[in-house]
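# Coordinate inspection notes
Next come the chains, spelled out residue by residue.
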Number of protein chains: 2
Amino acid sequence: MKKSSLFDTLKPRSVDGLDGLFLAVVQDYKSDEVLMCAFMDEKSLELTLETRLMHYFSTSRRSLWKKGESSGNIQEVKSVYVDCDGDALLFKVKQVGGACHMGYRSCFYRRLADDKLEVDGVKVFEPKEVYVD
Amino acid sequence: MKKSSLFDTLKPRSVDGLDGLFLAVVQDYKSDEVLMCAFMDEKSLELTLETRLMHYFSTSRRSLWKKGESSGNIQEVKSVYVDCDGDALLFKVKQVGGACHMGYRSCFYRRLADDKLEVDGVKVFEPKEVYVD
């Protein structure tokens, strides 16, 4: 795979002791709802650009992670933006189902109201029906 | 200052060797444009919630940073969301001027097109006129 010249611009971070990570902010390409954010390493970014499907690096499992691999809730890349200091990318995607493993369309489904978090998101699937182990 | 119960939910990360950081994604409260992302420590998050003006922790300067302190481009908090795993917050804000130190409305002013980055953002101020040292 030809390496995108994008990499010349990027400045990776170290997160929880793992080097070489970029921040990915993911937004619905039509509604502009922020769906999630996660980290990517070089490999997952390359795969994302090559396949046009979002791939991440899971800092908890310490491994490559294709979004939707088990749930089917894939994210098709529509456009890619890079921030001024090169440590973050913004992806506008077509989200199948929901982005959040809790069953919500967006991972940001809790809103702070009067010092409490209340659910303010659209639930689109039942996790226990989707993540069958 | 009374500490928000929000902190019970949050799970900070270590970034570039600095512990106790949360990721802040910042979105225009009307247009839903993603303006920037940055990190916060507990203190900057407390100040943000108390003053309703965005404060961050600069990982390069290793210090608290009130957005707009030198440029005047403050960000007034309209609503706050927390993601499912508690390491990221989404702030919907009213942005004065532009979020980006390069003079653009959003820090994500470069779009990847045919393996090249091209400017795809609205320039709203001239940095050298704003950041006078």
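To keep things clear, this report deals only with the structure shown in the data block.

Cut-offs applied
- Just so you know, the residues in each chain are numbered from 1, in the order the chain's sequence is written.
- By the order in which they are written, chains take letters starting at A while ligands take numbers starting at 1.
- pLDDT decides what is reported in this predicted model: residues at 70 or higher carry local features, side-chain atom pairs at 80 or more are listed and counted, and totals for whole chains, interfaces and linings draw on all residues regardless.
- The basis for the side-chain values is all heavy atoms of the structure; hydrogens and waters are excluded.
- Salt bridge, as used here: a side-chain nitrogen of Lys or Arg that lies within 4 Å of a carboxyl oxygen of Asp or Glu.
- Helix numbering and strand numbering both begin at the N terminus, where a helix is a DSSP run of H or I of at least 4 residues and a strand a DSSP run of E of at least 2.
- Buried means the residue's accessible area, taken with a 1.4 Å probe over protein chains only, is under 20% of the maximum for its type, while exposed means over 50%, and partly exposed covers the values in between.
- Contact between two residues is taken to exist if any of their heavy atoms lie within 4.5 Å; hydrogens are not considered.
- What counts as buried area is the accessible surface, traced by a 1.4 Å probe, that two parts surrender upon association, with contributions from both included.
- Pairs of N or O atoms are called polar contacts if they sit within 3.5 Å, as long as, within protein, a hydrogen donor faces a hydrogen acceptor (for residues adjacent in sequence, only side-chain-to-side-chain pairs).
- As a working rule, the residues Ala, Val, Leu, Ile, Met, Phe, Trp, Tyr, Cys and Pro are called nonpolar, Asp, Glu, Lys and Arg charged, and the rest polar, with Gly in that last group.
- Any two strands with at least two DSSP bridges between them are considered paired.
- Superposition of the copies used a least-squares fit over C-alpha atoms from residues whose pLDDT is at least 70 in both.
- Charge counting treats Lys and Arg as positive and Asp and Glu as negative, with His and both chain ends excluded.
- Aromatic contacts are taken between Phe, Tyr and Trp rings whose centres are within 6.5 Å, Trp giving its six-membered ring; a plane angle under 30 degrees counts as stacked, one over 60 as edge-to-face, and the others as tilted.
- In this analysis the charged atom, NZ for Lys or CZ for Arg, is taken to sit over a ring once it is within 6 Å of the ring centre and within 35 degrees of the ring normal.

A few words on the pattern of salt bridges. Counted according to the given criterion, the structure contains 14 salt bridges over all chains. Asp87(A) is paired through a salt bridge with Arg13(A); the nearest N and O atoms lie 2.7 Å apart. Taken together, the positions of Asp87(A) in the loop between strand S6 (75-82) and strand S7 (88-95) and Arg13(A) in strand S1 (residues 13-15) put the pair 74 residues apart, joining distant regions of the chain. Comparing Asp87(A) with Arg13(A) shows no difference in burial state: the two are buried. Among the salt bridges present, the one from Lys92(B) reaches Asp32(B), with a minimum N-O distance of 3.4 Å. Of the two residues, Lys92(B) sits in strand S7 (residues 88-95) while Asp32(B) sits in the loop between strand S2 (18-28) and strand S3 (34-40), which places them 60 residues apart along the sequence. The same class applies to Lys92(B) and to Asp32(B), which are both buried. Sharing partners across several salt bridges, the network here consists of Arg13(A), Asp87(A) and Asp16(B).

Contact residues are listed per partner, giving 42 residues for chain B and 42 residues for chain A. Between chain B and chain A lies a buried interface of about 3600 Å² when both sides are counted; carbon and sulfur atoms form 57% of it. Three residues stand out in chain B for area buried against chain A, namely Cys84(B), Phe108(B) and Arg110(B), and they jointly supply 18% of the buried area on that side. Taken together, the connections running from chain B to chain A amount to two salt bridges. A salt bridge links Asp16(A) to Arg13(B); the nearest nitrogen and oxygen atoms lie 2.9 Å apart. The tally of links between chain B and chain A comes to 20 residue pairs in polar contact (both at pLDDT 80 or more). For the side of chain B that touches chain A, the secondary-structure elements that each account for two or more residues are helix H1 (6-9), strand S1 (13-15), S2, S3, strand S6 (75-82), S7 and strand S8 (110-113) of chain B. The element contributing the most residues to the side of chain B that touches chain A is S6(B), with five residues. Its residues placed into classes, the side of chain B that touches chain A shows 22 nonpolar, 10 polar and 10 charged. By the bridge criterion, two bridges tie strand S8 (residues 110-113) of chain A to S6(B) in an arrangement that is antiparallel.

Let us look at the relation of the copies chain B and chain A. After a rotation of 180 degrees and a shift along the axis of 0.0 Å, chain B superposes on chain A with an RMSD of 0.0 Å. Both copies are brought into coincidence by an operation consistent with a two-fold rotation axis. Nearest to the rotation axis, the C-alpha of Val15(B) is located 2.3 Å from it, this being the minimum over chain B. The fraction of interface residues of chain B whose copies in chain A are also interface residues reaches 100%, indicating that both copies meet through the same surface.

Tracing the sequence through the fold places Arg110(A) in strand S8. Buried charge without a partner: Arg110(A) forms no salt bridge, and the closest opposite charge is Asp83(B), 5.4 Å away. At a separation of 2.6 Å, a polar atom in the side chain of Arg110(A) contacts the main-chain carbonyl oxygen of Asp83(B). Every residue in contact with Arg110(A), bar those within four places of it in the chain, is listed here: Leu117(A), Glu118(A), Asp120(A), Thr9(B), Val80(B), Tyr81(B), Val82(B), Asp83(B), Cys84(B) and Gly86(B).

Moving on to the packing of aromatic side chains. Within this structure, the stated rule accounts for six aromatic pairs over all chains. When the ring centre of Tyr109(B) is taken as reference, the NZ or CZ atom of Arg110(B) above it lies at 5.7 Å.

This paragraph deals with unusual backbone geometry. Although it is not a glycine, Arg52(A) adopts a positive phi angle of roughly 60 degrees. As for its placement among the helices and strands, Arg52(A) is situated in the loop between helix H2 (42-51) and strand S4 (55-58). The phi torsion at Asp32(B) lies on the positive side, around 65 degrees, for a residue other than glycine.

Residues and elements named next belong to chain B. Residue alternation in strand S4 (residues 55-58) divides its side chains into two sets, His55 and Phe57 and Tyr56 and Ser58, and both sets are buried. The pairing of S4 with strand S5 (residues 63-66) spans four bridges and is classified as antiparallel. Bridge assignment links Ser58 to a residue of S5, and that residue is Ser63. Hairpin remark: S4 followed by S5, antiparallel, with four residues in the connecting loop; positive phi at Arg62, about 55 degrees.

Here we take up the side chain of Ser14(A). Locating Ser14(A) in the fold gives a position in strand S1. On the basis of relative accessibility, which here comes to 14%, the residue Ser14(A) falls in the buried class. Engagement of the side chain of Ser14(A) in a polar contact is seen with the side chain of Asp19(A), the distance being 3.3 Å. Ignoring sequence-local partners within four residues, the contact set of Ser14(A) consists of Asp19(A), Ser14(B), Val15(B) and Asp16(B).

What is shown is where atoms sit, not what they do.
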